[in-house]
Amino acid sequence: MSSSSRRPAPRARHLLAPLLVVGLLVAALVLLHRTFREHSWAELGGDLLALGPGAVLAALAATAVSYLAMTGYDALALRYVAHPLPYRRYGPASFVATAFGNNLGASAVVGAALRARAYSSWQVPGPAITRIVGFNALTLALGAAVLAGGGMVHDPAAAGAALRLPAAATAVLGSLLLASVVAHLLWAGPGRPLVLRGRRLERPSRRLALAQVVLSTFEWLTMAAALHVLLPAGSRPPFLTFAVAFSIATLAGLLSGVPGGLGVFESALVVLLGASTPPAALAVALVAYRLCYFVLPLLLAAGLLAAHEVSRAAGALRAARAAAPAAPAPAAPAAPATPAAPAAPVAAAAARTPAVLALGVAAAGVFMVVVGDLPGSRELDLSAVTISLAGLAALLTARGLHRRLRAAWAATLALLAGVTVLAAAHGDLVLSAVTAVLTALLVPARPAFHRGALLARPRNPLRPATALVLVGAAVWWHEFSGLGGAVDAPLLVASVSGDTPGADRLAMAAGAVGVLLGGRRTFARLRPGPQVVCEEQMARVADLVARAGRCTSHLAFTGDKRFHLSPTGDAFLMYQVQGRSWVVMGDPVGDPGDFRDLVRGFVEEVDRHGGRPVFYNVLPEHAHLYREHGLSLAKLGEEAVVPLADFHLTGRARLNLRNCRNKSRRLGLEVEFVAPRDVAPLLPALREVSDAWLTRRNGKEKRFSLGAFDEEYVRRFPLVVVRQDQRIIAFATLWVDGDGREVQVDLMRRLPDGPRTVMTFLFLECVLWAKDNGFTSFSLGMAPLSGLQTGAAAPLWDRLGHLLWTHGERFYNFRGLRTFKQGFAPSWRTCYVAAPGGLALPRAAVDVAALVGGGIRGVVRG
């Protein structure tokens, strides 16, 4: 398989990583809400106080010792793989992985994913990470096997009732669990490694294996102690008996696959403890245990995980910025081996900072919109309308965060801080904790949001004022007027419910419209100012084109281009903005020593405006400049370039050209080459030909990548005209490059009723004229979508382009154009478009089509 076919994998991993992180945060949020939705926070606080501060503090201490012991799993695993790390690194990683695994179920999978995420950022090799994950899972299982296996063998009837297994099967299962522990201890030590499917499994030392069993058993005992101390002192069973029952119940919860073993663990424990502990006392202890051992560590782990992601991406951003100016210029490739190259990993990591935060804020917004109510005391409660409007606003600000807008950062910070205070005041500790964590993460991430002004003055202040009035009216109606109905459903549900009064629905709709209107104006894309080109700038551009430009650099004079000059003024890019795409026509023009700073400055300017940079019709010589800035190269087509030194009309290969020339002469066609100073008197006749051409094709002038018929533009260039009986029936303008070596035809027009051979005749005479005047090559222009790859390993862009090439003749003469140019036996020069990869490439292609042809309809007609 070629390297090009494997390249999407890193981009997919970069996308899946933040999705994994945010998905876990969202799952934690949903689980917490589901766990405690049946409990009043006021009642829960009373229950905890009834347990006594000593019991709660003891449970928290046991929890801390348990999680600390589980970090020892990683310490043993790192010793096993001989890859030492400081505790300040693997300790927090172990805690986060364990906290999420305990709460979300499938702890081995979740813990493995989070450990891999953390260890990979510290350059731990992939095979070593796999062995660490497996070693940890085995260590966790050993302690469970000791306690649960011992309990099953000691009392198979009670254990079988909890596991819903026959007593005999339970006894056998317990024996197997204990035997597996003994087998592990016997297998450890010196000896040949175990080979499974070609992979070597090294034996741990006997001492390390014994440490696994002891540490895991101790950790399970501390976990059981966190619940044991919360039971009433008079009804606590002996600790060892309780620890065995606890291990079996936990095993039942793990086997069930339910997140945190919720429900299954409790049921099994009730069966195992029997009448020794009153159900009411056990229920209170279990709620307190869930809070101490699961909820608090999960909230802390969520904060640590998000902070790690932001710190990791921010560090990558700093590294990318520090490395960018010193990057050496690689040698220019003759032709790129593949049409696309992924962005540098550090740049990709830096780009994930806004994405992760945006997904987190969006998840909180969805939660507020869907849940739509704040549980707690009704004395100072907010209705579903207010919290739902806040959720809707969070969804809008999340979009602005994803686009890295400074205004979105400020608005999100204010919104989350307000929700945090309100939610805490109404007793919703889950929502308050989540929004507080997101707020804390946004503050240090401020440098990542660099686009647009922080507080841009709106062009029309009536719109934000209207939005504020609508939202304020909706909140006042439901919260303070005393007229609003009791809306306990989410906003979207209540707005369409037939039971909701019409006035309430109108108020909710007004609030939603106000949020949407305000969000749209606040996060509108920063557009570039009006196109202004001063005479001094235009004179500088003209000088650079005359000295160093390609033939296509003369498109700088079409009047529809903006210019971006290098700091020294010795190089420039010509571009135009279409939608979000800032489309550059061709490669940089001017001093090659300025090209790197020129492209970097342009890309930064585009990024500041939230656009996408697109370099259209570029050559392979400067491919490294575009790849350095994270752009992918896709083949656009091939340009036909006729080498003039060997061009002649003799021989069988040129028979068609000779016949066309002879036929045209018999029809009375004559060719005249006109210098720029002599073009003005011909302009009326040329306009007549141009207007007839456009009328016949029922189209309009192409722009941007081709010259249009503008008298000032046409007078700048040499002109070739074809006459028949002294009447001009066809013409074309000619570009000459800055080196004086290549000529290219630009604007071409002919009368619809002229001879069919006229354009071939015109091209042939131009080629012969260029050869006679000492030029080295003649460009016939590009054949779009020509020469694309068609194999199984071809990029998707090439396959789609080839499909259009094969079946798109009714829309554009792809094959005919290639065949016509091939008749001159040219060399084919590959042309590319450089743009962001992924879905941005087809969107950029649509913008380019609209820019060049005035929309897709213009492209098809052309």
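Residues numbered from 1 in each chain as written. Predicted model: local features only at pLDDT ≥ 70, side-chain atom pairs only at ≥ 80, totals over all residues. Heavy atoms only, no water.

(A) Inspection of the overall build of the protein chain at higher detail. A count of helices and strands for the protein chain gives 31 helices and 14 strands. Burial statistics for the protein chain: of 862 residues in total, 48% are counted as buried. Residue pairs at least 24 apart in sequence account for 73% of intrachain contacts in the protein chain once pairs closer than 6 positions are excluded. By element, 62% of the accessible surface of the protein chain is carried by carbon and sulfur atoms, the whole surface being about 39,800 Å². (Helix = DSSP H or I, 4+ residues; strand = E, 2+ residues; numbered from the N terminus. Buried < 20%, exposed > 50% of the residue type's maximum accessible area, 1.4 Å probe, protein only. Contact = heavy atoms within 4.5 Å. Areas by Shrake-Rupley, 256 points an atom, 1.4 Å probe, with all protein chains shown as cover.)

(B) Quick peek at the pattern of salt bridges. Counted by the stated rule, this structure contains 17 salt bridges. Residue D543 is joined to R540 by a salt bridge in which the shortest nitrogen-to-oxygen separation is 3.6 Å. With a gap of 3 residues between them, D543 and R540 both fall in helix α21 (residues 535-548), about one helical turn apart. We note a salt bridge from R741 to D739, for which the minimum N-O separation is 3.4 Å. Among the charged side chains, a salt-bridge network with shared partners connects R540, D543, R547 and D570. (Salt bridge = Lys/Arg side-chain N within 4 Å of Asp/Glu carboxyl O.)

(C) Structural view of unusual backbone geometry. The phi angle at N617 is positive, at roughly 60°, despite the residue not being glycine. By the secondary structure assignment, N617 is in strand β7 (residues 612-618).

(D) The packing of helix α9 (residues 167-187) against helix α10 (residues 206-228), seen in detail. Look at α9 against α10: their axes get within 8 Å of each other, and the N-to-C directions meet at 155°. The orientation of α9 relative to α10 falls into the category roughly antiparallel. Residues V181, H184, L185 and L186 of α9 form the contact with α10, whose participating residues are R206, A209, L210, Q212 and V213. (Axes fitted to C-alpha atoms, helices over the stretch in contact; angles between N-to-C directions. Parallel < 35°, antiparallel > 145°, perpendicular 65-115°, else oblique.)

(E) A look at the packing of aromatic side chains. Within this structure, the stated rule accounts for 21 aromatic pairs. Judged by centre distance (5.7 Å) and plane angle (85°), the rings of Y289 and F294 are edge-to-face. Take Y289 and F294: they sit in the same class, and that class is buried. On the numbers, 5.5 Å between centres and 65° between planes, the contact of Y293 with F294 is edge-to-face. Overall, the relative accessible area of 0% leaves Y293 in the buried class. You can call F294 buried: its relative accessible area is 10%. Taking NZ or CZ as reference, R716 lies 3.7 Å from the ring centre of F557, over its face. Here the basic side chain of R818 rests over the ring of W828, its NZ or CZ set 3.8 Å away from the ring centre. (Phe/Tyr/Trp six-rings, centres within 6.5 Å; stacked < 30°, edge-to-face > 60°. Lys NZ or Arg CZ within 6 Å of the ring centre and 35° of its normal.)

(F) Molecular detail of the environment of V65. Within the secondary structure, V65 is located in helix α4 (residues 53-80). Each C-alpha atom of the pair V65 and E219 lies 7.9 Å from the other, and the pair is 154 residues apart in sequence. Apart from the residues lying within four places of it in its own chain, the contact partners of V65 are F218 and T222.

(G) Just the pairing of strand β4 (residues 571-578), in detail. Burial analysis of β4 places 6 of its 8 residues in the buried class, the great majority of the element. What sits between strand β3 (residues 562-565) and β4 in their antiparallel hairpin is a turn of 5 residues, with G569 showing a positive phi close to 80°. By the bridge criterion, 2 bridges tie β4 to strand β6 (residues 589-590) in an arrangement that is antiparallel. Looking at the pairing, A571 lines up with G590 of β6. Summarising the sheet, β4 and strand β5 (residues 581-585) pair through 4 bridges and their orientation is antiparallel. Of the residues in β5, the one forming a bridge with Y575 is V584. In this antiparallel pair of consecutive strands, β4 and β5, the connection spans 2 residues, and G579 shows a positive phi of 65°. (Pairing = 2+ DSSP bridges.)

(H) Spatial organisation of the environment of C551. Inspection of the secondary structure assignment puts C551 in the loop between α21 and β3. When the C-alpha positions of C551 and D739 are compared, they lie 9.7 Å apart, and in sequence the two are 188 residues distant. Beyond its immediate sequence surroundings of up to four residues, C551 is in contact with W735, V736, D737, E742, V743 and Q744.

(I) Spatial organisation of the side chain of R654. Examined against the element boundaries, R654 turns out to sit in the loop between β8 (632-643) and α24 (655-666). Buried charge without a partner: R654 forms no salt bridge, and the closest opposite charge is D646, 8.4 Å away. A polar contact is formed between the side chain of R654 and the backbone oxygen of H648, at a distance of 3.0 Å. Ignoring any residue separated from it by four or fewer positions in sequence, one finds R654 in contact with F647, H648, L649, F824 and A825. (Lys, Arg positive; Asp, Glu negative; His and termini not counted. Polar contact = N/O pair within 3.5 Å; in protein donor to acceptor, adjacent residues only side chain to side chain.)

(J) Structural view of helix α27 (residues 758-772). For α27, which comprises 15 residues, the first-to-last C-alpha distance of 21 Å matches the rise-based estimate of 21 Å (1.5 Å per residue) to within 8%. Counting buried positions along α27 gives 12 out of 15 residues, so the element sits mostly inside the fold. Here α27 has its buried residues at V758, M759, T760, F761, L762, F763, L764, E765, C766, V767, L768 and A770. One or two positions beyond α27, positive phi appears at G774, with a value near 85°. (Expected span 1.5 Å × (residues − 1).)

(K) How the structure looks around helix α16 (residues 406-425). The end-to-end C-alpha distance of α16 is 29 Å, a good match for the 28 Å that 20 residues give at a rise of 1.5 Å each. Along α16, the residues that are buried comprise A407, A408, W409, T412, L413, L416, V419, T420 and A423.

(L) Broad picture of the environment of I729. On the secondary structure map, I729 appears in strand β11 (residues 727-736). Sequence separation of I729 and D753 is 24 residues, and the distance between their C-alpha atoms is 8.7 Å. Among residues more than four places away in sequence, those in contact with I729 are L669, V689, V722, Q724, R749, R750, L751, P755 and V758.

(M) Just the pairing of strand β10 (residues 719-724), in detail. Of all 6 residues that make up β10, 5 are buried, and the element is covered over most of its length. Pairing geometry for strand β9 (residues 669-674) and β10, over 6 bridges, is antiparallel. Bridged to E670 within β10 is R723. Bridge count for β10 against β11 is 6 bridges, and the pairing is antiparallel.

(N) Looking closely at the confidence of the model for the protein chain. Of all residues in the protein chain, 67% attain a pLDDT of 70 or more, and the chain-wide mean is 74. Below a pLDDT of 50 lies the segment residues 480-500, which in the model reaches 39 contacts outside its immediate sequence neighbourhood of four places, other chains included. (pLDDT = per-residue confidence, 0-100.)

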